[in-house]
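Descriptive structure summary
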Amino acid sequence: MNPMRSKEVADLAGVSVRTLRHYHQLGVLPEPERGSNGYRHYGLAHVATLLRIRRLTELGVPLERVPEMLDDAAPPEASSEVLLELDRRLALQVERIEAQRREIARLLDEGRRPDLPPGPSTADLVASVSPEIAALERDAGVVLAGFAGAAHAGDLRRLAEAIAAADAGGALTAITARLRDLAPDAPDDEIASVAHDYAALLDDAIGDLHASRTWQLLLAAQPGQLPSLDDDPRLNAAQLEAMRLLGEHLEA
């Protein structure tokens, strides 16, 4: 029987020739001697070992753990240890997949875009009043969610729900319209009035969320940790000043 060549062995094992060569480079699969024609000549042991490697990798065994799994002299406990660790990793993957499926189901149920944080968005409420401010609120929500991280997602969701509930009588859209209508040269008292009323609305909506770890995390953000609104082209000078005054109130 003629010895098998790389392409024939790869085809039999269901891997690519590139993968076969990669196994040789890593030392996972011993490299056979070359014949006088320069081709590698594979025998029964090489092909069997390659098929065993494929079996292990299909189970998810990392390549760096494969040699010890192929060691026929190793005690059974060695393989059990690798399999138990693999099972633990797979269990975590299952949990992540199940969480992803729950989130996808919620997005489908709420009809929300998947690229935005979970929960209601105040941007949706004010979009008809001012697309520019709505876009700004959307971006701010995305950044805050990214800064806070998944551990604080529940607080941010409750915060968004509370602010959205505050618009039951149109209060949020009304204050957004006033912010939208601030002229660049608006008088100080008009700017302060918008900031004050906006802050009062948020105070009523946020309630006990002021004491949450997430709120404290956001207030404790250091310069450079979050982007500034100072150069945002969607706000004029008066609107920026109103946002600055609002920020001062929230930090108080």
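Scroll up to find the structure.
Residues numbered from 1 in each chain as written. Predicted model: local features only at pLDDT ≥ 70, side-chain atom pairs only at ≥ 80, totals over all residues. Heavy atoms only, no water.

Here's the deal with the overall build of the protein chain
Just so we agree on the cut-off: Helix and strand labels come from DSSP, where a helix needs a run of H or I of at least four residues and a strand needs a run of E of at least two; each type is numbered from the N terminus. Exposed residues in this analysis have more than 50% of their type's maximum accessible area, buried residues have under 20%, and partly exposed residues fall in between, with area computed by a 1.4 Å probe over protein chains only. Contacts are assigned to residue pairs that have any heavy atoms within 4.5 Å of one another.
Of the regular secondary structure elements, the protein chain holds twelve helices and zero strands. Along the protein chain, helices (α) and strands (β) appear in the sequence α-α-α-α-α-α-α-α-α-α-α-α when read from the amino end. With respect to the three principal axes, the spread of C-alpha positions in the protein chain is 95 × 40 × 35 Å. Across the 252 residues that make up the protein chain, the buried fraction comes to 34%. Of the contacts made within the protein chain by residues no fewer than 6 positions apart, 61% connect residues no fewer than 24 positions apart.

Things to note about the pattern of salt bridges
It is possible for side chains of opposite charge to pair when their charged atoms get near one another. Going by this rule: What makes a salt bridge here is a side-chain nitrogen of Lys or Arg within 4 Å of a carboxyl oxygen of Asp or Glu, nothing more.
On inspection of all chains with the given rule, the structure shows 16 salt bridges. Note that Glu-85 is salt-bridged to Arg-88, the shortest N-O span being 2.9 Å. Within this pair, Glu-85 and its partner Arg-88 are both found in helix H5 (residues 76-110), separated by three residues, close to a single helical turn. Residue class for Glu-85 comes out partly exposed when judged on its relative accessible area of 31%. Arg-106 is the salt-bridge partner of Glu-103, the closest N and O atoms lying 2.7 Å from each other. In this pair, Glu-103 and Arg-106 both sit in helix H5, three residues apart, roughly one turn of the helix. Take Arg-106: its relative accessible area is 36%, and that puts it in the partly exposed class. The network of salt bridges with common partners includes Arg-138, Asp-139, Asp-232 and Arg-234.

Thoughts on helix H12 (residues 237-251)
For clarity, the cut-off: Expected span, for any helix, means 1.5 Å times one less than how many residues it has.
For H12, spanning 15 residues, the distance from its first C-alpha to its last is 21 Å, which sits close to the expected 21 Å at 1.5 Å a residue. Of the positions making up H12, those classed as buried are Ala-238, Gln-239, Leu-240, Ala-242, Met-243, Leu-246 and Leu-250.

Some words on the packing of helix H1 (residues 6-13) against helix H3 (residues 44-59)
Selection rule: A fitted line through C-alpha atoms represents every axis, and for helices the fit uses only the stretch in contact; the resulting angles, taken between N-to-C directions, go from 0 to 180 degrees. Under this scheme an angle from 65 to 115 degrees is roughly perpendicular, one under 35 degrees roughly parallel, and one over 145 degrees roughly antiparallel; angles in between are oblique. Put simply, a crossing is left-handed when the front helix is turned counterclockwise from the back one by less than a right angle, and right-handed when it is turned clockwise.
With their axes 10 Å apart at the nearest point, H1 and H3 run at an angle of 40 degrees to one another. By the angle class used here, H1 and H3 are oblique. Between H1 and H3 lies a crossing of right-handed hand. Together, Val-9, Leu-12 and Ala-13 of H1 and Val-47, Leu-50, Leu-51 and Arg-54 of H3 make up the contact between the two elements.

Quick notes on the environment of Gly-154
Secondary-structure assignment places Gly-154 in helix H8 (residues 153-165). Note on Gly-154: relative accessible area 33%, which makes it partly exposed. With 35 residues separating them in the primary sequence, Gly-154 and Asp-189 have C-alpha atoms 37 Å apart.

Points about helix H7 (residues 131-148)
Its 18 residues give H7 an end-to-end C-alpha distance of 26 Å, which sits within 8% of 26 Å, the value for a rise of 1.5 Å per residue. Inspection of H7 places Ile-133, Ala-134, Ala-135, Leu-136, Glu-137 and Ala-148 among the buried residues, and these make up the whole buried set. Gly-149 occupies a position one or two residues after H7 and carries a positive phi of about 85 degrees.

What to know about the packing of aromatic side chains
In plain terms, the rule: A pair of aromatic rings is counted whenever rings of Phe, Tyr or Trp (Trp by its six-membered ring) have centres within 6.5 Å, and the orientation is called stacked for planes under 30 degrees apart, edge-to-face for over 60 and tilted otherwise. A ring is scored as having a charge over it whenever the NZ atom of a lysine or the CZ atom of an arginine sits within 6 Å of its centre and within 35 degrees of its normal.
Applying the stated criterion across every chain, the model contains zero aromatic pairs. For the cation-ring pair, Arg-5 lies above Tyr-39, with the distance from its terminal atom to the ring centre recorded as 4.5 Å.

Observations concerning the layout of surface pockets
To be explicit about the condition: Of the two site types, the cavity is a set of points on a 1 Å grid over the protein atoms alone where a 1.4 Å probe fits but cannot get out, and the pocket is an open set with protein on both sides within 12 Å along at least five of seven lines, each lined by residues with an atom within 4 Å of a point. Grid points are joined across faces, edges and corners, and a volume is the space filled by probe spheres set on the points. Ten residue types, Ala, Val, Leu, Ile, Met, Phe, Trp, Tyr, Cys and Pro, are classed as nonpolar, four, Asp, Glu, Lys and Arg, as charged, and the remainder, Gly among them, as polar.
By volume, the second largest pocket is sized at about 160 Å³. In this structure, the second largest pocket is lined by Gly-111, Arg-112, Arg-113, Leu-116, Ser-121, Ala-123, Asp-124, Ala-127, Pro-131, Ala-134, Ala-135 and Arg-138. Only helix H6 (122-126) and H7 provide two or more residues apiece to the lining of the second largest pocket. Broken down by element, the residue count for the lining of the second largest pocket peaks at four residues, all from H7. Here the residues of the lining of the second largest pocket sort into six nonpolar, two polar and four charged.

With respect to the side chain of Asp-232
Formally: Under the rule applied, a polar contact is a pair of N or O atoms within 3.5 Å (in protein, one hydrogen donor and one hydrogen acceptor; residues adjacent in sequence only if both atoms are side-chain atoms).
By the secondary structure assignment, Asp-232 is in the loop between helix H11 (213-219) and H12. Residue classification places Asp-232 among the buried positions, given a relative accessible area of 14%. From its side chain, Asp-232 meets the backbone nitrogen of Arg-234 in a polar contact 2.9 Å long.

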